[in-house]
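Chain residues, written in single-letter form:
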Amino acid sequence: MDSVRFDREGDGGADRGIPLALKILVAGGFGAGKTTLVSALSEVRPLQTEEILSDAGVATDDLSGVETKSTTTVAMDFGRITINEDLQLYLFGTPGQDRFWFLWDELAFGALGAVVLADTRRLADCFPSIDYFEQRGIPFVVGVNCFDGSRRFDLETVRRALDLDPDVPLVLCDARDRQSGKLVLISLVEHVARQRGEPVPAA
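Below is a short write-up of the structure. It should be emphasised that the depicted structure is a prediction, and the values quoted were computed from it without experimental measurement. (Residues numbered from 1 in each chain as written. Predicted model: local features only at pLDDT ≥ 70, side-chain atom pairs only at ≥ 80, totals over all residues. Heavy atoms only, no water.)

Let's talk about the pattern of salt bridges
Rules: The salt bridge definition used is simple: a Lys or Arg side-chain nitrogen within 4 Å of an Asp or Glu carboxyl oxygen. What counts as a helix is a DSSP run of H or I of at least four residues, what counts as a strand is a run of E of at least two, and both are numbered from the N terminus. In this scheme, a residue with accessible area under 20% of its type's maximum is buried, one over 50% is exposed, and one in between is partly exposed, where area comes from a 1.4 Å probe on protein chains only.
Summed over all chains, the structure comprises six salt bridges. Put simply, Arg 176 and Asp 148 hold a salt bridge, and the shortest N to O gap is 3.0 Å. Here Arg 176, found in the loop between β10 (170–173) and α5 (178–195), pairs with Asp 148, found in the loop between β9 (140–145) and α4 (155–162); they are 28 residues apart in sequence, far enough to count as distant. Using a relative accessible area of 57% as the deciding quantity, one classes Asp 148 as exposed. Within this structure, Asp 148, Asp 174 and Arg 176 form a network of salt bridges that share partners.

This is the structure we're talking about:
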């Protein structure tokens, strides 16, 4: 993927490059691991908007399958990855609950693509994210987050359950593991390049 740099005058008249910043969204259902993935990948301390779950949310926050979860993202998570001096990736984790969906259009504006995290314990929770990106033509990949103790399914079974198009990448991942998360991002970048008819970047 071609990179772009904007030059400015630096000390002594020398040009200094401002790196190109690409936005990637990390989406999925409540408790799917979005905050964990952004935290694992970010080279800087991630910005998080986690709040303690309260009694006021009992009627709207379904904890089935994620009973130990005690916090929720109320705005977004933010992290950064530097690829080289010309390119940085900005990661935006979206809130997973319906009542915060009004933020999605702002977060999605200008995004290169998205990672949808799927939790096989609550697979239907990622349908709204998939529908959102399909309807807006935003390229996405689905990462099946392998939680400890959860039942494992082969990828073809998950693909059928999610009714994914054949060209949408579907990969297993561990949101806690930086290397695993990087492989998901590589899959997304390759998918975007193929959609644009550009050469697939070397891993």
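Re the sheet that holds strand β7 (residues 87–93)
Going by this rule: Strand pairing requires that DSSP identify at least two bridges connecting the strands. Whenever a helix is involved, its axis is fitted only over the stretch in contact; in every case the axis is a line through C-alpha atoms, and angles between N-to-C directions fall within 0 to 180 degrees.
Spatial strand order, β6-β7-β3-β8-β9-β10: six strands in an open sheet with mixed pairing. Bordering the open sheet on either side are β6 (77–84) and β10, each of which pairs with just one other strand. Neighbour-to-neighbour, the strand axes of the sheet open up by a mean angle of 25°, direction not taken into account. Relative to β9, strand β8 (residues 111–118) runs parallel, the two being bridged by five bridges. Each bridged residue has a counterpart across the sheet, and for Ala 118 the counterpart in β9 is Val 144.

Examining a negative patch on the surface
Formally: Distance thresholds for patches are 9 Å for like charges and 5 Å for nonpolar side chains (Val, Leu, Ile, Met, Phe, Trp, Tyr), applied to residues having over 30% relative accessible area and no salt bridge. Each accessible area is a Shrake-Rupley estimate made with a 1.4 Å probe; only the visible protein chains count as cover when residues are assessed. Just so you know, the count uses Lys and Arg for positive and Asp and Glu for negative, and it drops His and the chain ends. Where a charge sits is defined by one atom per residue type, namely NZ (Lys), CZ (Arg), CG (Asp) or CD (Glu).
Together, Asp 131, Glu 134, Asp 163, Asp 165 and Asp 167 make up a region of like negative charge exposed at the surface. Tracing the backbone through its elements, the reader meets Glu 134 in helix α3 (residues 127–136).

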